[in-house]
Amino acid sequence: MIKKTILFILAIVLVGCSTRRSTVRTSKAFRNAPTSSIIKTTKSAERKSDLKKAGQGSSETEILEATSKVKVTTAIVLDYISKYKDVAKSNMSQYGIPASIILGQGILESGAGTGVLSSVANNHFGIKCHEEWTGASVRYDDDSAQECFRKYNQSNDSYMDHALFLTSRPWYAGLFKLKKDDYREWAKGLKSAGYATDPKYPEKLIAIIERYQLNKYDSEVLGTTYVPLNTNDYVSADSDMYQVSKGDTLYSISKRFAIPIEELRRKNAIQDNAISIGQNLKIK
């Protein structure tokens, strides 16, 4: 009886050991499987990282997701004008493109520097790659999905390429026969020559130029007397007046123009902090 009991116990021990060995083999097999997957995922992530690091002089292409239209404040636009007016005037002197057109297109195409292409690719004029482009680029949804757009090291490179783009293509040649201070005809000519597909492109461009009195910079380059536009919708960085836009407060305006709030109130006979959109405030 004792022998039978011992044999029974030995049989149970042997079966238990066999079961454990089988479990260990299975565990090793599953442990190796995801290791290969992790390596592949890591290599893919590294590749995407390399693409994002690609800069001017490289033909690597990044993939950008389309975004909604940007919304900007008057202060953002004025800051943009202040930042790029000198390069626009310089390009007008060198290439004959009105500074008002250059700045107006920059504001319209880039959302005053807040749009995706200008933020990620320093592309302020929406210039696509075209066949001759060998530099860096980005993909972005425009007229068609994932179109190729030029990417620059810095914003000034975009302004320079805009000038070269217009002066090097024969279909824009008619623009340079127009008067340099005729921003209206230049705006219409750009649309006619195929710069933009938006049928309202000239009207939008002209509205920006007139609202911000950008033709003043044309006069400065040409050495002519500037006559302010007679419009109720103008805002100029050099004006004595500032038109209140959505989101403005007395505090934000005082910071924008470095004027104490109390002085703003006094200049404009304001008793409290209440201001309204469209209201013109004296700032100088």
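Residues numbered from 1 in each chain as written. Predicted model: local features only at pLDDT ≥ 70, side-chain atom pairs only at ≥ 80, totals over all residues. Heavy atoms only, no water.

Novice: Describe the confidence of the model for the chain, with residues and values.
Specialist: Summary statistics for the chain give a mean pLDDT of 78 and a share of 72% for residues scoring 70 or more. For the stretch residues 17-68, pLDDT sits under 50, and the model shows 46 contacts to residues farther than four places along the chain or on other chains. (pLDDT = per-residue confidence, 0-100. Contact = heavy atoms within 4.5 Å.)

Novice: So what's going on with the pattern of salt bridges? Residues and values would help.
Specialist: Under the counting rule described, the total for this entry stands at 11 salt bridges. A salt bridge links aspartate 198 to lysine 204, with the nearest nitrogen and oxygen atoms 2.6 Å apart. Overall, the relative accessible area of 24% leaves aspartate 198 in the partly exposed class. Residue classification places lysine 204 among the partly exposed positions, given a relative accessible area of 35%. Of the charged contacts in the structure, one is a salt bridge between glutamate 263 and arginine 266, with a shortest N-O distance of 4.0 Å. One end of the pair, glutamate 263, and the other, arginine 266, are both in helix H10 (residues 261-267), 3 residues apart, so they sit about a helical turn from each other. Given a relative accessible area of 27%, glutamate 263 falls into the partly exposed group. On the basis of relative accessibility, which here comes to 59%, the residue arginine 266 falls in the exposed class. Here the salt bridges share partners, and the residues they tie into one network are Glu132, Arg150, Asp161 and Arg169. (Salt bridge = Lys/Arg side-chain N within 4 Å of Asp/Glu carboxyl O. Buried < 20%, exposed > 50% of the residue type's maximum accessible area, 1.4 Å probe, protein only. Helix = DSSP H or I, 4+ residues; strand = E, 2+ residues; numbered from the N terminus.)

Novice: Explain helix H2 (residues 74-95) to me, using residue names and the numbers behind them.
Specialist: Residue tyrosine 84 marks the point of greatest curvature in H2, where the axis turns by about 50°. Those residues of H2 lying buried are Thr74, Ala75, Val77, Leu78, Tyr80, Ile81, Tyr84, Val87, Ala88, Asn91, Met92 and Tyr95. Turning to H2, the residues buried within the fold contact helix H3 (99-110), helix H5 (155-167), helix H7 (201-211), helix H8 (215-222), strand E4 (241-243) and helix H9 (250-256). The positive-phi residue at the C-terminal boundary of H2 is glycine 96, with phi of around 85°. (Bend = angle between axes of the 7 residues up to and from the residue.)

Novice: Hey, could you go over the nonpolar core for me, with residue numbers and the actual values?
Specialist: If you look at the biggest cluster of nonpolar residues, it comprises 52 residues, and the most contacted ones within it are Ile101, Tyr195 and Leu214. Elements that contribute at least two residues to this core include exactly H2, H3, H5, helix H6 (183-192), H7 and H9. Top element by residues in this core is H2. It accounts for 9 residues. Every residue in contact with isoleucine 101, bar those within four places of it in the chain, is listed here: Tyr183, Trp186, Ala187, Leu190, Leu205 and Ile209. Among the nonpolar cores identified, the runner-up in size contains 6 residues, and Val116, Val138, Tyr140 and Phe149 belong to it. (Core = buried A, V, L, I, M, F, W, Y, C linked by side-chain atoms within 4.5 Å.)

Novice: Outline the side chain of arginine 150, listing residues and values.
Specialist: Along the chain, arginine 150 turns up in strand E3 (residues 147-150). Arginine 150 sits in the buried class, given a relative accessible area of 3%. There is a polar contact of 2.8 Å between the side chain of arginine 150 and the side chain of aspartate 161. (Polar contact = N/O pair within 3.5 Å; in protein donor to acceptor, adjacent residues only side chain to side chain.)

Novice: Lay out the side chain of serine 110 with the relevant residues and their values.
Specialist: By secondary structure assignment, the location of serine 110 is in helix H3. Residue classification places serine 110 among the buried positions, given a relative accessible area of 2%. Within the local environment of serine 110, its side chain forms a polar contact with the backbone oxygen of glycine 106, the two atoms lying 2.5 Å apart. Reaching out from serine 110, the side chain makes a polar contact with the backbone nitrogen of glycine 113 at a distance of 2.8 Å. For serine 110, the contacting residues outside a window of four places in its chain are Tyr80, Gln105, Gly115, Ser118 and His124.

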